[in-house]
Amino acid sequence: MSKVIIIGAGGVANVVAKKCAQNDTVFSEVLIATRTVSKADKIVAEIAQHMPSSKTVFSTATVDADNVPELVELIRGFGPVMVINVALPYQDLTIMDACLETGVHYLDTANYEPKEVAKFEYSWQWAYQDRFREKGLMALLGCGFDPGATQAFTAYHAKHHFQEIHYLDIVDCNNGSHGKAFATNFNPEINIREITANGRYWENGQWVETQPLEISQDIYYPKVATRKSFVLYHEELESLVKHFPTIKRARFWMTFGEAYIKHLNVLEGIGMTSIEPIDFRGQKIAPIEFLKAVLPAPESLAENYTGQTCIGVQAKGIGKDGQPRVHFVYNVKDHAECYREVQAQGVSYTTGVPAMIGAMLMLQGVWMQPGVWNIEQLDPDPFVEAMNTWGLPVDELAGIELVKD
Ligand code: NDP
């Protein structure tokens, strides 16, 4: 029975909170703290309405997670064992600082990114390694789906199927439809920054840079569809090639529809995706922040979303029997089913469930160990087993090469 604080009250936080409510023998008390407290109150009201038998006790609070003293006061006042950070990547370091100061464990779903530079890498958070270890605290980084489950799938490949992984392809397909002309499935600012940046993949010991969405191929996503998919840089590639040095090439692929790309090109062409603040009627405003205010909130897409997501990891290399092997580990999730269960769309669901699972494995002592950890460094089996239990069934496909060289 544990007390935790969830920071943030967006699409992902909604799922984490409701999954904690389902798992009430582990999560006894949950405080949802965020900038706009009415959003946290809405989540708690929905839990009371849809999950009346849950024994988890919820409360809400306002916090500015950019402010360490405010966070410290919040944490001291509530006294949790850990903080689940599902605010934005900009807040990772302030929340880690506050956890160190108050002696509580930490988990997030996206690596730190400075607000002024569209650049994300683990170096900032890996630099906390000694401080967390010395205090006997754990920080679990990137415990969503991608990053998160994709690293557990890679570790699962390595543990059960491969002597050596040589080629790794992470594939992320959203074959759903929300009926809007243009919307992003998670925080628009973070999402658009990720897609409009140059692509990057790992090959023969170095990063190869591409233009945004320069490389594509049609990929068959089992049980879902064949969809055009594009190479992007994604943060888990950095830790995976570090922790699995036999990898010769690692790529990340994501599907985008033609209409999505057309809208994005226009928005970019007219400067609406820029993070450089402009002067507007005496106020400094970054165009992308304004765009975020205009676009539909990701959580508002949930009600009418249809179709499925399919996210998985293809590994190629030398199998346990010494023979060449190709293997795919993946999950398929239906948007409408997510809505029925927790009033969320599939992208928030597939992120929020792994975050709850990671927190559970820490609290139960299964994964708990001092230091700063990426998911692939931990035993994947309890995580994969919990995915099957908590709504993200894991499937495997042997011997078929879905992603071509
Ligand atoms: P949303 O924008 O829906 O929610 C973010 C929440 O954080 C909002 O409630 C927001 O408050 C709050 N917040 C922002 N700044 C602060 C602050 N300074 N202090 C306190 N609260 C703050 O995002 P999502 O729920 O879609 O995403 C949450 C996280 O999950 C992001 O880091 C995202 O990158 C990550 N993610 C990870 C994925 C994975 O697979 N690993 C996939 C998808 C997302 P307010 O309501 O006031 O704006």
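Every value quoted in this text rests on a predicted model; they were computed, and no experiment measured them.

**Remarks on the pattern of salt bridges**
Applying the stated criterion across every chain yields a total of 16 salt bridges. Here R249 and D169 are joined by a salt bridge, their closest N and O atoms 3.9 Å apart. Of this pair, R249 sits in strand β12 (residues 249–255) while D169 sits in strand β7 (residues 162–174), and the two are 80 residues apart along the sequence. Accessibility expressed as a relative area gives 6% for R249, which makes it buried. On the basis of relative accessibility, which here comes to 1%, the residue D169 falls in the buried class. With a closest N to O distance of 2.9 Å, E337 and K333 form a salt bridge. Shared partners join several salt bridges into a network, and the residues in it are D169, R249, R251, K316, E401 and D405.

**Regarding the pairing of strand β11 (residues 225–232)**
Most of β11 is tucked away, with six of its eight residues classed as buried. Hairpin connection of strand β10 (residues 216–221) to β11: three residues between the antiparallel strands, including K223 at a positive phi of 70°. Note: β11 against β12, four bridges, orientation antiparallel. Residue pairing across strands places S229 opposite T255, the latter belonging to β12.

**Comments concerning the packing of aromatic side chains**
For the structure on display, the rule yields 11 aromatic pairs. Note on Y112 and W124: the rings are 5.2 Å apart at their centroids and 85° apart in plane angle, and the pair reads as edge-to-face. Taken together, the residues span a long stretch of sequence, with Y112 in the loop between β5 (105–108) and α5 (123–126) and W124 in helix α5 at a distance of 12 residues. Where F328 meets Y330, the ring centres are 5.0 Å apart and the plane angle is 15°; that geometry is what we call stacked. Side by side, F328 and Y330 carry an identical accessibility label, which is buried.

**Things to note about the UniProt feature "domain: Saccharopine dehydrogenase-like C-terminal" (unreviewed entry) in the protein**
According to UniProt, the feature "domain: Saccharopine dehydrogenase-like C-terminal" (unreviewed entry) maps to residues 144–391 in the numbering used here. Measuring from the first to the last C-alpha atom of residues 144–391 gives 14 Å, for a span that is 34% helix and 31% strand.

**Some points on the site of the ligand**
The immediate surroundings of the ligand are formed by 29 residues, with R35, T36, K39, A65 and N187 found nearest. The contact in question runs from an oxygen atom of the ligand to an N or O atom on the side chain of T34, over 3.4 Å. Between the ligand and D64 there is a distance of 3.2 Å, counted from a nitrogen atom to a side-chain nitrogen or oxygen. Relative to its free-state accessible area of 930 Å², the ligand is covered by the protein chains to the extent of 94%.

**Remarks on the sheet that holds strand β4 (residues 82–85)**
Ordered by their spatial adjacency, seven strands build an open sheet running β3-β2-β1-β4-β5-β6-β17, and the pairing between neighbours is parallel. Edge positions in the open sheet fall to β3 (57–62) and β17 (371–374), since each of these has one partner strand only. Strand after strand, the sheet turns through a mean of 20° between neighbouring axes, direction not considered. In the packing of helix α3 (residues 68–78) onto the sheet, the strands contacted are β1 (2–7), β2 (27–34), β3 and β4, and the crossing angle to β1 comes to about 155°.

**Description of the domain arrangement of the protein**
On domain assignment, one finds that the protein holds domain 1 (2–141) and domain 2 (149–342). With 25 residues of domain 1 at the contact, the number on the domain 2 side is 16 residues. Per-residue buried area on domain 1 facing domain 2 is highest for F120, Y122 and W126; these three make up 33% of the total on that side. Where domain 1 packs against domain 2, one counts four salt bridges. Residue K115 is joined to E289 by a salt bridge in which the shortest nitrogen-to-oxygen separation is 3.5 Å. Our count for the domain 1 to domain 2 interface comes out at 11 residue pairs in polar contact (both at pLDDT 80 or more). Put simply, the parts of the chain that give the side of domain 1 that touches domain 2 at least two residues each are α1 (11–22) and α5. No other element matches the six residues that α1 contributes to the side of domain 1 that touches domain 2.

**A look at the nonpolar core**
F27, L140 and I357 are the most contacted members of the largest nonpolar core, which has 89 residues in total. The element best represented in this core is helix α13 (residues 346–363), accounting for 10 residues. Looking at this core, you find at least three residues from each of domain 1 (2–141) and domain 2 (149–342). In contact with F27, not counting residues within four places along its chain, are S2, V4, C20, T56, M356, A359, M360 and L363. Of all hydrophobic cores here, the second largest spans 29 residues; its members include V63, A65, F78 and A139.

Rules used throughout
- Residues numbered from 1 in each chain as written.
- Predicted model: local features only at pLDDT ≥ 70, side-chain atom pairs only at ≥ 80, totals over all residues.
- Heavy atoms only, no water.
- Salt bridge = Lys/Arg side-chain N within 4 Å of Asp/Glu carboxyl O.
- Helix = DSSP H or I, 4+ residues; strand = E, 2+ residues; numbered from the N terminus.
- Buried < 20%, exposed > 50% of the residue type's maximum accessible area, 1.4 Å probe, protein only.
- Pairing = 2+ DSSP bridges.
- Phe/Tyr/Trp six-rings, centres within 6.5 Å; stacked < 30°, edge-to-face > 60°.
- UniProt positions renumbered as here; feature names shortened; annotations may be inferred.
- Near = heavy atom within 4 Å.
- Polar contact = N/O pair within 3.5 Å; in protein donor to acceptor, adjacent residues only side chain to side chain.
- Areas by Shrake-Rupley, 256 points an atom, 1.4 Å probe, with all protein chains shown as cover.
- Axes fitted to C-alpha atoms, helices over the stretch in contact; angles between N-to-C directions.
- Contact = heavy atoms within 4.5 Å.
- Domains from an automatic or database assignment.
- Buried area = accessible area lost by both parts, 1.4 Å probe.
- Core = buried A, V, L, I, M, F, W, Y, C linked by side-chain atoms within 4.5 Å.

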